[in-house]
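Single-letter residue listing:
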Amino acid sequence: AVNPNLQRSEALKILSAQASRDPAFRARFMREASLSASLDHPNIVTVHNRGETPGGDLWIAMQYVQGSDAHSESVNGHMSLTRAVHIISEVAKALDYLHARGLVHRDVKPANILLSVGDRRIMLGDFGVTRALDDSNSVTSAGNVTATIAYAAPEVLSGAPVDGRADVYALGCTLFRMVAGQPPFGSGNSLPAIINAHLSAPPPRISQFASVPESMDAVIAKAMAKNPADRYQSAGEFALAAQQILADPAQHRQTVTQPVPTVTPQSAPAPHLVQTTAPSVITDTGRTMIKHKRIAAIAGAVVLVIASTVVGVVIWPRHHDGTNPRNTSVPGAANVKPGESLAAQPNTI
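**Student:** Describe in detail the nonpolar core, supporting the description with residues and values.
**Tutor:** The biggest cluster of nonpolar side chains holds 59 residues, and the ones touching the most others in it are Leu171, Leu175, Met216 and Phe238. In this structure, leucine 171 is in contact with Ile88, Val91, Ala92, Leu95, Val108, Ala235 and Phe238, ignoring residues within four places of it in sequence. By size, the runner-up hydrophobic cluster in this structure holds ten residues, among which are Leu15, Ala33, Val47 and Met62.

**Student:** Before we move on, can you summarise the packing of helix α8 (residues 215-223) against helix α9 (residues 235-247) with the specific residues and values?
**Tutor:** Between α8 and α9, whose axes approach to 10 Å, the crossing angle comes to 175°. If you check the angle between α8 and α9, you find them roughly antiparallel. Taken together, the residues of α9 that come into contact with α8 (itself represented by Ser215, Met216, Val219, Lys222 and Ala223) are Glu237, Phe238, Ala241, Ala242 and Ile245. For the contact of α8 with α9, a count of residues per class yields seven nonpolar, one polar and two charged.

**Student:** Break down α9 for me, with residues and values.
**Tutor:** In a regular helix each residue adds 1.5 Å, so 13 residues correspond to 18 Å; α9 covers 18 Å between its end C-alpha atoms and thus fits that length. Inspection of α9 places Ala235, Phe238, Ala239, Ala241, Ala242 and Ile245 among the buried residues, and these make up the whole buried set. Seen from one end, α9 has its buried residues packed into an arc of 155°, which puts them on one side.

**Student:** Please give an account of the environment of glutamine 66 that cites residues and values.
**Tutor:** Inspection of the secondary structure assignment puts glutamine 66 in the loop between β3 (58-63) and β4 (67-69). Residues glutamine 66 and leucine 114 lie 48 residues apart in sequence; the distance between their C-alpha atoms is 8.6 Å. When near neighbours in sequence (up to four residues on either side) are disregarded, glutamine 66 contacts Leu115, Ser116 and Val117.

**Student:** Quick one: what's the story with the environment of isoleucine 149, residue by residue and with numbers?
**Tutor:** Locating isoleucine 149 in the fold gives a position in the loop between β8 (131-132) and α5 (154-158). Once the C-alpha coordinates of isoleucine 149 and alanine 170 are considered, the two residues, 21 residues apart in sequence, prove to be 9.9 Å apart. Ignoring anything within four residues of it in the chain, the contact list for isoleucine 149 reads Leu157, Leu191, Ile194, Ile195 and His198.

**Student:** Tell me what's going on with the sheet that holds β4, and back it up with residues and numbers.
**Tutor:** Taking strand neighbours across the sheet as the criterion, the three strands line up as β4-β6-β7 in an open arrangement whose pairing is antiparallel. Each of the sheet's edge strands pairs with one partner strand only, and the pair in question is β4 and β7 (122-124). Across this sheet, the average inter-strand angle for adjacent strands is 25°, counted without regard to direction. As paired elements, β4 and strand β6 (residues 113-116) share three bridges and run antiparallel to each other.

**Student:** How would you sum up the packing of aromatic side chains? Please name residues and give values.
**Tutor:** Counted by the stated rule, this structure contains two aromatic pairs. Ring centres of phenylalanine 176 and phenylalanine 209 lie 5.6 Å apart, and the angle between their planes is 65°; on these two criteria the pair is classed as edge-to-face. Of this pair, phenylalanine 176 sits in helix α6 (residues 165-180) while phenylalanine 209 sits in the loop between α7 (191-200) and α8; the two residues are 33 residues apart in sequence, bridging distant segments of the chain. Judged by relative accessible area, which is 30%, phenylalanine 209 ranks as partly exposed.

**Student:** Can you explain the side chain of serine 20? Please cite residues and give values.
**Tutor:** Inspection of the secondary structure puts serine 20 in helix α1 (residues 17-20). Exposure remark for serine 20: the relative accessible area of 1% places this residue in the buried category. Reaching out from serine 20, the side chain makes a polar contact with the backbone nitrogen of leucine 58 at a distance of 3.1 Å. Not counting residues within four places of it along the chain, the set of residues in contact with serine 20 comprises Leu15, Arg26, Gly56, Asp57 and Leu58.

Reading guide: rules and limits
- Residues numbered from 1 in each chain as written.
- Predicted model: local features only at pLDDT ≥ 70, side-chain atom pairs only at ≥ 80, totals over all residues.
- Heavy atoms only, no water.
- Core = buried A, V, L, I, M, F, W, Y, C linked by side-chain atoms within 4.5 Å.
- Buried < 20%, exposed > 50% of the residue type's maximum accessible area, 1.4 Å probe, protein only.
- Contact = heavy atoms within 4.5 Å.
- Axes fitted to C-alpha atoms, helices over the stretch in contact; angles between N-to-C directions.
- Helix = DSSP H or I, 4+ residues; strand = E, 2+ residues; numbered from the N terminus.
- Parallel < 35°, antiparallel > 145°, perpendicular 65-115°, else oblique.
- Nonpolar A, V, L, I, M, F, W, Y, C, P; charged D, E, K, R; others polar.
- Expected span 1.5 Å × (residues − 1).
- Arc of directions from axis to C-beta.
- Pairing = 2+ DSSP bridges.
- Phe/Tyr/Trp six-rings, centres within 6.5 Å; stacked < 30°, edge-to-face > 60°.
- Polar contact = N/O pair within 3.5 Å; in protein donor to acceptor, adjacent residues only side chain to side chain.

Right, here's the structure in full:
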């Protein structure tokens with residue numbers, strides 16, 4: 001929308017009427033919108049203003065980022081590991097900034113990561129469920145979870161105390177989704193099955209879903225550990241571990257397709273290639289074979305001349321006996337009719 005006072009484009013969100021009329025939600029929204037508006041970081045979408053419509057619907061106006069988001073960029077296929085690690089590294093800066101100020105985002109996922117054209121700016125947005133660390137737990141009295149289930153940490157789903165390590169868990173799920181093309185515990189499973197997997201199932205191996213180094217499995221597993229104490233203790237630590245795998249050629253080599261080397265006489269053969277004859281031997285052998293072929297050709301020509309002479313004598317004998325040469329046949333050979341070539345008869349010789 002266009003800001004009527006400043007004539008600039010802004011992202012405008014209007015909450016549902018049901019949420020806007022819930023007194024508890026209204027109070028929490030006003031507080032959290034004020035907290036978000038106080039944030040100032042290059043990797044965080046700026047909140048400009050908040051308020052409500054004449055009809056009582058709450059709204060929030062934020063910085064408009066022209067481009068796309070991480071979910072849209074990866075929804076039609078797998079995102080490259082290099083690009084995905086770059087994205088989560090930028091988001092990790094925003095999360096560490098939040099956590100240092102006692103805030104938890106609580107809804108880290110690809111759809112909330114905005115990407116400007118060419119990934120020049122990567123920004124974390126949608127702070128609608130951001131909460132201070134001293135706030136109550138994530139489950140309301142009605143049992144509702146204020147998080148996206150596919151990326152929710154076990155403590156968020158169980159109602160245990162939540163801190164910044166819940167965002168680290170969600171960031172691990174986000175990296176998995178962007179690279180593998182699906183959330184860690186699948187998108188086709190039922191809601192109870194996904195929740196149960198977050199609570200008790202081990203993290204899946206990302207190397208089974210995408211062409212990445214197997215060492216990335218351990219990085220994802222640590223980020224998604226069930227116990228927060230077993231995870232990376234900051235988003236930046238998680239991002240650094242992922243960056244180190246990319247920086248290590250030994251770890252990243254298996255994702256690169258190596259061309260088959262060309263073997264020349266001046267270079268040694270590759271280990272998987274077998275060269276049984278030296279180039280000079282091959283050359284001499286070739287010359288010898290050519291010489292033998294020439295001799296065979298000459299001998300064949302001589303035999304052909306002799307054979308033709310014999311056949312001519314047998315088939316076309318003298319006619320002093322008065323026989324008709326057109327009806328002459330050779331015992332054991334096919335008859336040759338007028339106008340036919342001897343070569344056309346398969347059993348002539």
